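# Geometric and topological summary
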Amino acid sequence: MNRFEGKTVVVTGGNKGIGFAIAQRFASEGANLVIASVEAQVEEAAAALREAGAKAVGVICDVTDREAVTALYDRAEEEFGAVDISVQNAGIITIAKIEDLTEGEWDATMEVNTKGVFLCCQEAIRRMRKSGNGGRLINMASGQARDGFIYTPHYAASKFGVMGMTQSLAKEVALDNITVNAICPGIIKTDMWDYNDRVWGEMLGGFGPGELMESWVQNIPMKRAGEGKHVAALAAFIASEDADYITGQTINVDGGLIMS
Ligand code: NDP
């Protein structure tokens, strides 16, 4: 399928993990990709997309920095024309007991996970309204936007924030033919989950490498962790014509882990 032929897609945190899987999926359906992350390796990821036949550029962009976000969307328009789809995927996590959780961790998590989504949505909406073509905004939330897990109140708050922002914006831009939806991945094998597995595993006591993930996977009705491609498939659906009457929704991709 070439559902996104000629469409311009921005993916933050697009150099690896879930974001890269999303970029690969859109690229495989004909889209032009602008992927962003804070590391210089984002260009290597873009090169991999190009080698697979896509048009893709990598941009170093800290999503907490308004000027950098503006420059990201400027670059996307320069390269490929108006932005049609923007995926706010960049995110961070730390894990700490409440007495140990620092204000710095709280602020950094809210800055990247919530303010970063706000800045990108604001920039994308401004431009989508100007182009008059409508558009699709896809915000990465988490199972923790449904059910806060232990030792991560800051992360849970940041992701509940993403869900609220998604609903509010969806109402504001509905008549501009722009949809705004959020995705809640469950347990997806990425660098972030490697960190979770190690740190939560130590804090909860007695889990060796990979054992915490294995244990939590047993709570998933499907009894398996997810992969980036599962999240990417939902992102592609939300961005497609088939989803043009779906907005303000937050949808779980988690093998049934959370059913609310
Ligand atoms: P990874 O840690 O593998 O990737 C995170 C991405 O975010 C990287 O590309 C990273 O860039 C980027 N990033 C971090 N900070 C910034 C910033 N300030 N500006 C721009 N980019 C930034 O995580 P995942 O792929 O696992 O997670 C992707 C999203 O999915 C996150 O929002 C996460 O919260 C969410 N999620 C993940 C789950 C999972 O099980 N993996 C479960 C639920 C939600 P760089 O490499 O340059 O640092």
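Look a little higher up for the structure.
For the structure given in this document, a descriptive report is provided here. Position numbers for residues count from 1 along each chain, tracking the sequence in the order it is written. The model is predicted, so local features are restricted to residues of pLDDT at least 70 and side-chain atom pairs to those at 80 or more, both for listing and for counting; the totals for chains, interfaces and linings are taken over all residues. Note: side-chain values were computed over all heavy atoms of the structure, leaving out hydrogens and water.

### What about the pattern of salt bridges?
Selection criterion: By definition here, a salt bridge exists when the distance from a side-chain nitrogen of Lys or Arg to a carboxyl oxygen of Asp or Glu is within 4 Å. Put simply, DSSP H or I for four residues or longer makes a helix, DSSP E for two residues or longer makes a strand, and each gets a number counted from the N terminus.
By the definition in use, this model includes 11 salt bridges. Here glutamate 29 and arginine 25 are joined by a salt bridge, their closest N and O atoms 2.9 Å apart. We note a salt bridge from glutamate 111 to lysine 115, for which the minimum N-O separation is 3.7 Å. Taken as a pair, glutamate 111 and lysine 115 lie in helix H4 (residues 103–131) at a separation of 4 residues, close to a single helical turn. Each of Asp74, Glu77, Glu123, Arg126 and Arg127 takes part in a single network of salt bridges with overlapping partners.

### Some words on the pairing of strand E6 (residues 178–185)
As a reminder, the rule being used: Only protein chains enter the accessibility calculation, which uses a 1.4 Å probe; a residue is then buried when its area is under 20% of its type maximum, exposed when over 50%, and partly exposed in between. For two strands to pair, DSSP has to find at least two bridges joining them. When the strands point away from the viewer, a crossover counts as right-handed if the route from the first strand across the helix to the second turns clockwise.
Within E6, 8 of the 8 residues are buried, leaving the element largely enclosed by the surrounding structure. Burial along E6 is two-sided: Ile178, Val180, Ala182 and Cys184 and Thr179, Asn181, Ile183 and Pro185, pointing in opposite directions, are all buried. Strand direction decides the pairing type here: strand E5 (residues 135–140) and E6, joined by 6 bridges, are parallel. Bridge pairing links asparagine 139 to alanine 182 in E6. In terms of handedness, the path from E5 via helix H5 (residues 153–173) over to E6 forms a crossover that is right-handed. Two elements, E6 and strand E7 (residues 250–253), share 4 bridges in a ladder whose sense is parallel. Among the inter-strand pairings, proline 185 is bridged to a residue of E7, identified as valine 253.

### Looking at helix H2 (residues 42–51)
Selection criterion: To be clear, the arc concerns the directions from the helix axis to the C-beta atoms. Whether two residues are in contact is decided by their heavy atoms: any pair within 4.5 Å suffices.
The complete set of buried residues in H2 reads Val42, Ala45, Ala46 and Leu49. Taken end-on, H2 shows its buried residues confined to a sector of 100 degrees, consistent with a single buried face. Exposed positions of H2 whose direction lies more than 90 degrees from the buried face are Glu44 and Glu51. Residues of H2 that are buried in the fold lie against helix H1 (17–28), strand E2 (32–37) and strand E3 (55–60).

### Focus on the site of the ligand
Using the following cut-off: We call a residue near a given molecule or strand whenever any one of its heavy atoms falls within 4 Å of it. Only the protein chains shown count as cover for residues, and all accessible areas are computed by the Shrake-Rupley method using a 1.4 Å probe. Definitions used throughout: a 1 Å grid over protein atoms alone; a cavity as a set of points that fits a 1.4 Å probe which cannot get out; a pocket as an open set with protein on both sides within 12 Å along at least five of seven lines; a lining residue as one with an atom within 4 Å of a point. To be counted as sitting in a cavity or pocket, a molecule needs more than half of its atoms within 2 Å of that site's grid points. Residue type decides the class: Asp, Glu, Lys and Arg count as charged, Ala, Val, Leu, Ile, Met, Phe, Trp, Tyr, Cys and Pro as nonpolar, and the leftover types, Gly among them, as polar. Domain boundaries shown here were taken from an automatic or database domain assignment.
Near the ligand lie 29 residues; those nearest to it are Asn15, Glu39, Tyr155, Thr190 and Trp193. Look at the ligand: alone it shows 880 Å² of surface, and the protein chains cover 93% of it. Because more than half of its atoms lie within 2 Å of the grid, the ligand is assigned to the largest pocket. Each residue belonging to the shell around the ligand can be placed in one class, and the counts come to 15 nonpolar, 9 polar and 5 charged. Residue-level mapping places the shell around the ligand at the junction of two domains, with at least three residues from each of domain 1 (8–188 + 228–252) and domain 2 (191–225).

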